[in-house]
Amino acid sequence: MKERELFTHYLKNQRNFQEENLHQANLEGLNLQRIDLTRADLSGANLKETDLSGACLAQANLTDADLSYSHLVGANLTEINLIGADLTGADLAGVNLTHADLRCANLQNANLTRANLKEVNLDGADLRGANLCHAVIVNTDLSVADTTDAHLKGSQQCELEQPLSTHSANWVSWSG
């Protein structure tokens, strides 16, 4: 599916774009609130300054995607693949990131207030200056990420109950 086609359907109040191939799509600056992109391939996509508030991106592949300064407030990002993604300055307040893969993701100055970070892989992630106030952090190892100047006031951090699995989910990619 091409960007123009997706946006045309979206403007006609269609919101279901599950499993779509949007590899390297340019959706910069669009308003895509409450869109359903479950299991979609958005690897390498440009979503800079895009409004994805309330969207469902569960199990989507956003490897190396640019989500800098995007709005994802209240989005469902469970089991999402954000390996190497740029989330600089993104608003992720209240998102559900349960089982998300954020290895090597850039979350500098991102807003993760009240986010659910249960069993998230943060190996090599950059959380410098990120706001994690009142976030729920369970079975997530913050020591493998750069948390310099991160704000953790009021966050609910629980010790790792068990070591995280070294195997990651099998992400579907239509781009080969």
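Here, every reference points to the structure presented above.
Residues numbered from 1 in each chain as written. Predicted model: local features only at pLDDT ≥ 70, side-chain atom pairs only at ≥ 80, totals over all residues. Heavy atoms only, no water.

J.: Looking at this structure, I do not really get the overall build of the protein. What am I missing?
T.: Within the protein, the secondary structure is distributed over 1 helix and 3 strands. Element order for the protein, N to C, with α for helix and β for strand: α-β-β-β. A burial count over the protein gives 43% of its 176 residues as buried. Restricting the contact set of the protein to residue pairs at least 6 apart, pairs at least 24 apart contribute 8%. (Helix = DSSP H or I, 4+ residues; strand = E, 2+ residues; numbered from the N terminus. Buried < 20%, exposed > 50% of the residue type's maximum accessible area, 1.4 Å probe, protein only. Contact = heavy atoms within 4.5 Å.)

J.: Would you mind going over unusual backbone geometry with me for this structure?
T.: Glycine aside, negative phi is the norm for most residues, and most peptide bonds take the trans geometry. In the Ramachandran plot, D64 falls in the positive-phi region, its phi being about 60 degrees despite a non-glycine side chain. Note on placement: D64 falls in the loop between α1 (3–11) and β1 (116–118).

J.: Where do I start with the sheet that holds strand β3 (residues 156–157) in this structure?
T.: Within a sheet, neighbouring strands are paired by backbone hydrogen bonds and run either parallel or antiparallel to one another. Strand order across the open sheet formed by 3 strands is β1-β2-β3, with parallel pairing between neighbours. Each having just a single partner strand, β1 and β3 make up the two edges of the open sheet. Bridge analysis of β1 against strand β2 (residues 136–138) gives 3 bridges, and the strand direction is parallel. In the strand pairing of β2, K118 is matched with V138. (Pairing = 2+ DSSP bridges.)

J.: Is there a simple way to think about the nonpolar core in this case?
T.: If you look at soluble globular proteins, the nonpolar side chains tend to sit buried side by side. Judged by nonpolar contacts, the single largest core of 50 residues is most densely connected at L57, L62, L72, L87, L92 and L97. In this view, L92 contacts L72, L77, L87, L107, A110, N111, L112, T113 and A115; residues no more than four positions away in its chain are not counted. (Core = buried A, V, L, I, M, F, W, Y, C linked by side-chain atoms within 4.5 Å.)

J.: It is not clear to me how the pattern of salt bridges should be interpreted in this structure. Could you clarify?
T.: Close approach of charged atoms allows side chains of opposite charge to pair. Overall, the coordinates contain 4 salt bridges when judged by the stated rule. Of the charged contacts, one joins R128 and D146 as a salt bridge, the two residues approaching to 3.7 Å between their closest N and O atoms. With a gap of 18 residues between them, R128 in the loop between β1 and β2 and D146 in the loop between β2 and β3 connect regions that are remote in the sequence. Salt bridges sharing common partners tie together D126, R128 and D146. (Salt bridge = Lys/Arg side-chain N within 4 Å of Asp/Glu carboxyl O.)

J.: Help me out: how do you make sense of empty space enclosed by the protein in this one?
T.: Over the atoms, a rolled probe matching the size of one water molecule traces out where space is still vacant. In total, this model carries 1 cavity of 30 Å³ or more according to the counting rule given. Put simply, the largest cavity is a space of about 30 Å³. If you go around the largest cavity, the residues you meet are L57, L62, L67, L72, L77, I80, L82, L87 and L92. (1 Å grid on protein atoms, 1.4 Å probe; cavity = no way out; pocket = protein on both sides within 12 Å on 5 of 7 lines; lining within 4 Å. Points joined across faces, edges and corners; volume = space filled by probe spheres on them.)

J.: Would you take a moment to explain the environment of L142 for this structure?
T.: Mapping L142 onto the fold places it in the loop between β2 and β3. With relative accessibility at 15%, the residue L142 sits in the buried group. A C-alpha to C-alpha distance of 9.2 Å links L142 and L127, two positions 15 residues apart in sequence. If near-sequence neighbours (up to four positions away) are discounted, L142 is found in contact with L122, L127, I137, T147, L152 and Q157.

J.: What should I look at first to understand the packing of aromatic side chains in this one?
T.: For any pair of aromatic rings, geometry is given as the distance between the ring centres together with the angle between the planes. Under the criterion given, the structure shown has 1 aromatic pair. Between F7 and Y10, the ring centres sit 6.4 Å apart and the planes meet at 10 degrees, which makes this aromatic pair stacked. A residue pair is termed a helical-turn pair when its members lie 3 or 4 positions apart in one helix, as F7 and Y10 do in helix α1 at 3 residues. Taking relative accessible area as the criterion, Y10 reaches 6% and is therefore assigned buried. The ring centre of Y10 lies 3.7 Å from the NZ or CZ of R15, which sits over that ring. (Phe/Tyr/Trp six-rings, centres within 6.5 Å; stacked < 30°, edge-to-face > 60°. Lys NZ or Arg CZ within 6 Å of the ring centre and 35° of its normal.)

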